[in-house]
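# Survey of secondary and tertiary structure
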Amino acid sequence: MIIWFATGNMHKKAELAGIFSHHTIKIPSDEGIVFDPVETGTSFIDNALIKARCLFDIVKSPVIADDSGLCVDALDGKPGIYSARYGSEDGRALNAHERNMLLLRALGNNPCRTAHFVCAMVLFLGSDRFYAAQETLEGEILMKEDGRGGFGYDPILYLPERGSTVASLSEEEKNFISHRGKAARALALLAGAGTAYF
Ligand code: ITT
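In this section: the overall build of the protein. Looking only at helices and strands, the protein has five helices and eight strands in total. A compact globule built from 198 residues would reach a C-alpha radius of gyration of about 16 Å, and the protein, at 17 Å, matches this within 12%. Expressed as lengths along the three principal axes of its C-alpha atoms, the size of the protein is roughly 50 × 35 × 25 Å. Across the 198 residues that make up the protein, the buried fraction comes to 49%. The contacts of the protein with a sequence gap of at least 6 include a subset with a gap of at least 24, amounting to 56%. Of the side chains in the protein, 20 bear a positive and 25 a negative charge, and the two mean positions are spaced by 2 Å.

Take a look at the structure:
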């Protein structure tokens, strides 16, 4: 089955393709669709719904969307829903490494280093019909980057029970425990119960 995924992030696409490996994951750029919804929501789930509705209106078939980010306790949950735009307030978008460095500087030597990834994911089936799930992955912010896998903030989120950062996990390991993997599997269970979609 072809599943539309409302994202421009190739890393997210690769992860969802690993999670739903029996399906074909298609994103707007695969079909030359210009897709750049303005994420005006005030929560992860609001923004996931904005992305899903926007692509549903174009492709007119079921769509998955996710909105995700890193919430750092000592920074009052920041960058949170602004994770992709963190540090870009003055115009120039930072790359992932620059964002990590900015966050490490903001945290400094603060001994409180707990943080979690969040993923809100929706399966949008019609204008008044959707399933939603939101999940987390808990960890601690390291003092410096470590690991070469994953993307975004993965090199700075350390998982005590694994003894490594998210960036040091294999793709399969990350998908098994991650915010995105858990939200996607919860969604598949919900949709499997209510529809013939999965
Ligand atoms: P789309 O909106 O097109 O899906 P995006 O990258 O802008 O792509 P978000 O608005 O959901 O996606 O922003 C999420 C940001 O949070 C992402 O760019 C990363 O910086 C970070 N993030 C989310 N999930 C992550 C993960 O699994 N590992 C590392 N960083 C993650």
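The subject of this paragraph is the side chain of Asn 175. Along the chain, Asn 175 turns up in helix 4 (residues 171–177). Polar contacts involving the side chain of Asn 175 include one to the main-chain carbonyl oxygen of Glu 15, which spans 3.5 Å. Those residues within four positions of Asn 175 in sequence are excluded, and the remaining contacts are Glu 15, Gly 18, Ile 19, Gly 181 and Arg 185.

Attention now goes to the pattern of salt bridges. All chains considered together, the criterion is met by 11 salt bridges. Across the pair Lys 51 and Glu 39 runs a salt bridge, and its minimum N-O distance is 3.6 Å. Here the residue Lys 51 occupies a position in helix 2 (residues 44–59), and Glu 39 occupies one in the loop between strand 2 (24–26) and helix 2, the gap between them amounting to 12 residues. Taking the relative accessible area as the measure of exposure, Lys 51 reaches 6% and is therefore buried. In this structure, Asp 154 and Lys 174 form a salt bridge, with 2.8 Å as the shortest nitrogen-oxygen distance. With a gap of 20 residues between them, Asp 154 in the loop between strand 6 (129–141) and strand 7 (157–159) and Lys 174 in helix 4 connect regions that are remote in the sequence. On the basis of relative accessible area, Asp 154 is assigned to the buried category, the value being 1%. What makes Lys 174 buried here is its relative accessible area of 5%.

Within soluble globular proteins, side chains that are nonpolar generally end up buried alongside one another. If you look at the biggest cluster of nonpolar residues, it comprises 20 residues, and the most contacted ones within it are Leu 16, Phe 20, Ile 64, Met 121 and Leu 123. Elements that contribute at least two residues to this core include exactly strand 1 (2–5), helix 1 (10–19), strand 5 (114–126), strand 6 and helix 5 (179–194). If one sorts the elements of this core by residue count, helix 5 sits on top with five residues. Ignoring anything within four residues of it in the chain, the contact list for Ile 64 reads Ile 3, Trp 4, Phe 5, Ala 6, Leu 16, Phe 20, Met 121, Val 122, Leu 123 and Phe 198.

Rules of the game
Residues numbered from 1 in each chain as written. Predicted model: local features only at pLDDT ≥ 70, side-chain atom pairs only at ≥ 80, totals over all residues. Heavy atoms only, no water. Helix = DSSP H or I, 4+ residues; strand = E, 2+ residues; numbered from the N terminus. Rg over C-alpha atoms; globule rule 2.2 N^0.38 Å. Buried < 20%, exposed > 50% of the residue type's maximum accessible area, 1.4 Å probe, protein only. Contact = heavy atoms within 4.5 Å. Lys, Arg positive; Asp, Glu negative; His and termini not counted. Charge placed at Lys NZ, Arg CZ, Asp CG, Glu CD. Polar contact = N/O pair within 3.5 Å; in protein donor to acceptor, adjacent residues only side chain to side chain. Salt bridge = Lys/Arg side-chain N within 4 Å of Asp/Glu carboxyl O. Core = buried A, V, L, I, M, F, W, Y, C linked by side-chain atoms within 4.5 Å.

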